[in-house]
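# A closer look at the structure
Spelled out from the first residue to the last, the chains are:
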Amino acid sequence: MMKVSDILANADETLFSIEVFPPKVAYSKGSTPIQQHLSNIFETVEHLSKYDPAFVSVTYNPEGETRATSIPLAAIFKQRYGIESVAHLTCIATPRSEVAKTLDVLDYFDIDNILALRGDRPECGIPAMAEGECMEYAYELVEEINNHDHDFCIGVAGYPEGHPECLGEDSCRDIDGDLENFIHKVDKGVGFSITQLFLDNDHFFEYVARVRSAGVEIPIIPGIMPVINMSIIDIVEGLCGAAIPDDLRRRLVDNAEDPDEIRAIGIDHAIDQCKGLMGKVPCIHFYTMDMWRPVEAIIEAIR
Ligand SMILES: Cc1cc2nc3c(=O)[nH]c(=O)nc-3n(C[C@H](O)[C@H](O)[C@H](O)COP(=O)(O)OP(=O)(O)OC[C@H]3O[C@@H](n4cnc5c(N)ncnc54)[C@H](O)[C@@H]3O)c2cc1C
């Protein structure tokens, strides 16, 4: 059994980890064909495995029913490539009654680590489930996982800039309220946390200081995603709710017509971020978007 919390505790330098996201099972018009997507994922893991990642985490997409692909992929990365895998699991699309069965499958495949999430709300609406079956918050999933016979190491998500849905009476993000919810979730028995991506390290360091002053000691792994094209800006600001520093935004906007330059700017910025994190964090988690080249360029620059 290899828990992420033990891997981090035994490391004497900053490690790195990668996230891949499996294809949706139902092909929708305009999306990458499933064969191409799967081959991107395997290429990403194969190429980056030579840098000895601490773990690979595999997302779970409630909308695309990726439970059919997520768990087998996590199992393959562990069994075939010998890389510890972290299977993401979401409250959305996993009724409480199915959790035990899903955990049995993870146990069967020797997967010891789970990232327990509420899940992104699918654009097409949350799949209908019998009333009372659905869990609303990630802490409930943490409780369910800890009730299972297998001793899983559980990770949860953290938000350096606050979760975009946690708003105060002034409709601004309620950073303190979100921190309280985070602590409540961690208190249910959690071994590590991975943060939402951020583009300004100050947000991360201030967040860690707040978490520590609230008495939470679990390892906090910063999430990094290079902004390698203009469409990623929408994901960063919209779905993730991360601020783009003025200077970075100006450089991106000034070069909007030059994809190679945008990519170089995004990678350079991520390299600077990683340089500022090395030695201060247990691990850096790369959101690869199933593309290995930008992550390889960053790792080569910071090694
Ligand atoms: C590292 C990482 C990996 C991710 N992987 C995936 C993935 O694989 N699949 C996917 O669909 N999404 C994924 N996401 C996105 C995530 O599911 C969304 O950000 C989602 O909106 C929140 O999930 P959570 O687990 O943080 O939820 P929660 O911790 O449940 O929080 C959700 C919201 O509810 C609030 N809240 C929590 N507890 C309470 C409470 N007791 N009372 C009132 N309010 C409360 C929180 O402040 C927050 O605003 C990932 C995010 C991160 C950072």
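The preceding data block contains the structure.
Residues numbered from 1 in each chain as written. Predicted model: local features only at pLDDT ≥ 70, side-chain atom pairs only at ≥ 80, totals over all residues.

### Here we look at the overall build of the chain
For the chain, the count of helices and strands is eleven helices and eight strands. Out of the 303 residues in the chain, the part that is buried amounts to 44%. When contacts within the chain are restricted to residue pairs at least 6 apart in sequence, those whose partners lie at least 24 apart make up 81%. (Helix = DSSP H or I, 4+ residues; strand = E, 2+ residues; numbered from the N terminus. Buried ≥ 20, exposed ≤ 12 C-beta atoms within 10 Å, placed from the backbone. Contact = placed C-beta atoms within 7 Å.)

### Concerning the nonpolar core
Of all hydrophobic cores here, the largest spans 79 residues; its most connected members are Ala 87, Ile 114, Ala 116, Val 142 and Ile 154. Looking at this core element by element, the count peaks at five residues for helix H5 (residues 138-146). If we ignore the near neighbours within four places in the chain, the residues touching Ala 87 are Val 58, Ser 70, Ile 71, Ala 74, Leu 106, Ile 111 and Ile 114. (Core = buried A, V, L, I, M, F, W, Y, C linked by C-beta atoms within 7 Å.)

### Quick word on the packing of helix H10 (residues 259-277) against helix H11 (residues 292-302)
The interhelical angle for the contact between H10 and H11, taken along N-to-C directions, is 45 degrees, at an axis separation of 9 Å. Here H10 lies oblique to H11, going by the angle between them. Judged by the sense of rotation from one axis to the other, the crossing of H10 with H11 is right-handed. Taking contact as the criterion, the partners of Ile 267, Ala 270, Ile 271, Cys 274 and Lys 275 in H10 are, on H11, Pro 294, Ala 297, Ile 298, Ala 301 and Ile 302. Considering only residue class, the contact of H10 with H11 consists of nine nonpolar, no polar and one charged. (Axes fitted to C-alpha atoms, helices over the stretch in contact; angles between N-to-C directions. Parallel < 35°, antiparallel > 145°, perpendicular 65-115°, else oblique. Left-handed = near helix turned anticlockwise from the far one by under 90°. Nonpolar A, V, L, I, M, F, W, Y, C, P; charged D, E, K, R; others polar.)

### Side note on the environment of Leu 248
Along the chain, Leu 248 turns up in helix H9 (residues 246-254). C-beta crowding within 10 Å serves as the criterion here: with 19 such atoms nearby, Leu 248 is assigned to the partly exposed category. When near neighbours in sequence (up to four residues on either side) are disregarded, Leu 248 contacts Leu 199 and His 269.

### Thoughts on the site of the ligand
Among the 25 residues in the neighbourhood of the ligand, the closest are listed as Thr 59, His 88, Arg 118, Ala 157 and Cys 166. Contributing elements (two or more residues each) for the shell around the ligand: strand S3 (85-90), strand S4 (113-117), H5, helix H6 (175-186) and strand S6 (192-197). When residues in the shell around the ligand are grouped by element, the largest group, four residues, is from H6. Broken down by class, the residue content of the shell around the ligand amounts to ten nonpolar, ten polar and five charged. (Near = placed C-beta within 6 Å.)

### Description of the pairing of S3
Along S3, six of the six residues are buried, which leaves the element largely enclosed by surrounding structure. Residues Ser 85, Ala 87 and Leu 89 line one face of S3 and the alternating positions Val 86, His 88 and Thr 90 line the opposite face, and both faces are buried. When S3 meets S4, the two strands line up parallel, connected through five bridges. Residue Val 86 lies in a different strand from S4, and its bridge partner there is Asn 113. Read from S3 through helix H4 (residues 96-108) to S4, the crossover connection turns out right-handed. (Pairing = 2+ DSSP bridges. Right-handed = clockwise from strand over helix to strand, strands pointing away.)

### What about the sheet that holds strand S7 (residues 220-224)?
Ordered by their spatial adjacency, eight strands build a closed barrel running S1-S2-S3-S4-S5-S6-S7-S8, and the pairing between neighbours is parallel. Strand after strand, the sheet turns through a mean of 30 degrees between neighbouring axes, direction not considered. Most of the contacts of H5 go to S4, to which it runs at about 150 degrees, and overall it touches S3, S4 and strand S5 (153-158).

### Considering unusual backbone geometry
Among all residues save glycine, negative phi is the norm, and among peptide bonds the norm is trans. Look at Asp 110: it is not a glycine, yet its phi comes out positive at around 70 degrees. Relative to the helices and strands, Asp 110 resides in the loop between H4 and S4. Looking at Asp 110, the number of C-beta atoms within 10 Å reads 14, which means it is partly exposed.

### Structural notes on the pairing of S4
Most of S4 is tucked away, with five of its five residues classed as buried. Neither face of S4 is open: one carries Asn 113, Leu 115 and Leu 117, the other Ile 114 and Ala 116, and all of them are buried. Pairing between S4 and S5: four bridges, direction parallel. Among the inter-strand pairings, Ile 114 is bridged to a residue of S5, identified as Ile 154.

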